[in-house]
Amino acid sequence: QRQLEHLRRRLPEPHALSHPQPSPEVRQSITTALEQGQALQLHYQPPAPRPLITRPVVPLRLETWGPHTYLLAHCLSRHDLRTFRLDRIVRATPL
């Protein structure tokens, strides 16, 4: 019993195991843009130490890979396909 209690104390709290989630506003903006075929301006925070980037995109679809959801989109500034992790999108506004 004592050993079991010791092991339980060493386990991380359940919230420590969860993954970041996109804001409801970002998810709604992307869902609406996908439904209406609308372009978006994304404000995206790539992994540190890279600065915030802004990209005009045409959303194509959402995909879940492992614990994360990604937006596959045609980037209008790069003229190529790009993948954006939803929880790293700070803001998504219609163009």
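Structure report, in brief. (Residues numbered from 1 in each chain as written. Predicted model: local features only at pLDDT ≥ 70, side-chain atom pairs only at ≥ 80, totals over all residues. Heavy atoms only, no water.)

## So, the overall build of the protein chain
- Each helix and strand in the protein chain was counted, giving 2 helices and 5 strands.
- Starting at the N terminus and ending at the C terminus, the protein chain contains elements arranged as α-α-β-β-β-β-β.
- Computed over the C-alpha atoms, the radius of gyration of the protein chain is 18 Å, more than 25% above the 12 Å expected from 2.2 N^0.38 for a compact globule of 95 residues.
- When its C-alpha atoms are laid out on the principal axes, the protein chain stretches across 60 × 30 × 20 Å. (Helix = DSSP H or I, 4+ residues; strand = E, 2+ residues; numbered from the N terminus. Rg over C-alpha atoms; globule rule 2.2 N^0.38 Å.)

## A few points about the pattern of salt bridges
- By the definition in use, this model includes 3 salt bridges.
- For Glu63, the salt bridge goes to Arg61, with nearest N and O atoms at 2.4 Å.
- Since its relative accessible area comes to 45%, Arg61 is described here as partly exposed.
- The shortest N-O distance in the salt bridge between Asp80 and Arg82 comes to 3.4 Å.
- Residue Asp80 is classed as partly exposed on the basis of its relative accessible area, which comes to 40%. (Salt bridge = Lys/Arg side-chain N within 4 Å of Asp/Glu carboxyl O. Buried < 20%, exposed > 50% of the residue type's maximum accessible area, 1.4 Å probe, protein only.)

## Quick look at the environment of Arg2
- Positionally, Arg2 belongs in helix H1 (residues 2-10).
- You can call Arg2 exposed: its relative accessible area is 76%.
- Put simply, Arg2 and Arg27 are 25 residues apart on the chain and 46 Å apart in space, counted from C-alpha to C-alpha.

## Description of helix H2 (residues 24-36)
- A rise of 1.5 Å per residue sets the reference length of H2, with its 13 residues, at 18 Å; its end C-alpha atoms lie 18 Å apart and thus fit the reference within 8%.
- Where H2 is buried, its residues touch strand S1 (40-44), strand S2 (53-65), strand S3 (68-75) and strand S5 (89-94). (Expected span 1.5 Å × (residues − 1). Contact = heavy atoms within 4.5 Å.)

## Describing the sheet that holds strand S4 (residues 80-85)
- Strand order in the open sheet formed by 5 strands is S4-S3-S2-S1-S5, and the pairing between neighbours is antiparallel. Since the sheet does not close on itself, it has two edges, and those belong to S4 and S5, each with one partner. Taking each pair of neighbouring strands and ignoring which way they run, the sheet shows an average axis angle of 45°.
- Looking at chain direction, S3 and S4 are connected through 6 bridges and run antiparallel. Counterpart to Ala73 in the pairing with S4 is Arg82. (Pairing = 2+ DSSP bridges. Axes fitted to C-alpha atoms, helices over the stretch in contact; angles between N-to-C directions.)

## Quick word on the side chain of Arg85
- Along the chain, Arg85 falls in strand S4.
- The class of Arg85 is buried, set by a relative accessible area of 14%.
- Engagement of the side chain of Arg85 in a polar contact is seen with the side chain of Asp87, the distance being 2.7 Å.
- With near-sequence residues (within four places) excluded, Arg85 lies in contact with Pro20, Tyr44, His68, Thr69 and Tyr70. (Polar contact = N/O pair within 3.5 Å; in protein donor to acceptor, adjacent residues only side chain to side chain.)

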